[in-house]
Amino acid sequence: AYLLGVCSQWVQEYDIDGIRLDVANELSHAFCKELRAHLKRMKPDFYIMGEVWHNAMPWLRGDEFDSVMNYPLQSAIADFCAAGTGSVKQLEFAINRCYSMYYRQINRSLFNQMDSHDTPRLLRCCRGDKNAAAAALALLFLMPGSVCLYYGTEYGLDGDHDPGCRKVMPWDPAQQDQDMHAFVKALIALRHRYNDWI
């Protein structure tokens, strides 16, 4: 009741439209169902996303979360582009595995990212190789789901595990990779242009 009350307060006082549940796989399914019903009564289009690092189908049956962070896809792309440990065939297998875990409508709403506050930055994973980072971002933008850019990734911000991945945003253009920024803007434009195909 307390947690439902806290969520209610955020909706009522601040008119939030969604919530991300951290370490969501450690919440009970009964609570997640009650939370969804409660928030959808308040706001039918309220968005609930869970942080689940593995197959999250038990939370995506229409009565708990609307989406999850797609860490399996992040790993598949990073293994190929950043780590350079996989073949094209292994990448194909990994991506197919990611998208065969869920129904098509779920795939189209997955929260796809290449780095986050819980992982090393993309450029660090690529050992500073900007071409590998660009290839990873290109693959990310070509996949079904909602693309999420962790702040600074569009400017080539580097950083290792926490707290390195939570560096301050470099606002000075001289400290930003403008080529990476232009590339990311081109990917966004491409995604908008061909979004119906993805």
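Every value quoted in this text rests on a predicted model; they were computed, and no experiment measured them.

K.L.:
Any chance you could explain the packing of aromatic side chains here in plain terms?
P.N.:
The way to describe two aromatic rings as a pair is by their centre distance and the angle between their planes. Counted under the stated rule, the structure contains 3 aromatic pairs. Ring plane angle 40° and centroid distance 4.9 Å describe the contact between Trp10 and Tyr14, whose orientation is recorded as tilted. You can see Trp10 and its partner Tyr14 sitting in helix H1 (residues 2-14), 4 residues apart, about one turn around the helix. Measuring from ring centre to ring centre gives 4.7 Å for Tyr150 and Tyr151, while their planes differ by 65°; the resulting arrangement is edge-to-face. The ring of Tyr151 has Arg121 lying over it, and the distance from NZ or CZ to the ring centre is 4.6 Å.

K.L.:
Just to check I follow, could you spell out the side chain of Glu64 for this structure?
P.N.:
With respect to the element layout, Glu64 can be found in the loop between strand E2 (47-50) and strand E3 (67-68). A distance of 2.9 Å separates the side chain of Glu64 from the side chain of His29, its partner in a polar contact. Discounting chain neighbours no more than four positions away, the residues touching Glu64 are His29, Cys32, Lys33, Arg36, Ile48, Pro58 and Trp59.

K.L.:
Got a minute to help me understand the pattern of salt bridges in this structure?
P.N.:
In total, this model carries 13 salt bridges according to the counting rule given. Of the charged contacts in the structure, one is a salt bridge between Arg36 and Asp66, with a shortest N-O distance of 3.0 Å. Of this pair, Arg36 sits in helix H2 (residues 29-42) while Asp66 is found in the loop between E2 and E3, placing the two residues 30 residues apart along the sequence. Where Lys40 meets Asp66, a salt bridge forms, and the shortest distance between an N and an O atom there is 3.2 Å. Pair noted here: Lys40 is in helix H2 and Asp66 is in the loop between E2 and E3, with a separation of 26 residues, a long-range link. According to the relative accessible area criterion, Asp66 is partly exposed, its value standing at 21%. Several salt bridges converge on common partners, so that one network encompasses Asp15, Asp17 and Lys43.

Analysis parameters
- Residues numbered from 1 in each chain as written.
- Predicted model: local features only at pLDDT ≥ 70, side-chain atom pairs only at ≥ 80, totals over all residues.
- Heavy atoms only, no water.
- Phe/Tyr/Trp six-rings, centres within 6.5 Å; stacked < 30°, edge-to-face > 60°.
- Helix = DSSP H or I, 4+ residues; strand = E, 2+ residues; numbered from the N terminus.
- Lys NZ or Arg CZ within 6 Å of the ring centre and 35° of its normal.
- Polar contact = N/O pair within 3.5 Å; in protein donor to acceptor, adjacent residues only side chain to side chain.
- Contact = heavy atoms within 4.5 Å.
- Salt bridge = Lys/Arg side-chain N within 4 Å of Asp/Glu carboxyl O.
- Buried < 20%, exposed > 50% of the residue type's maximum accessible area, 1.4 Å probe, protein only.

By themselves, these observations are geometric and do not establish any function.
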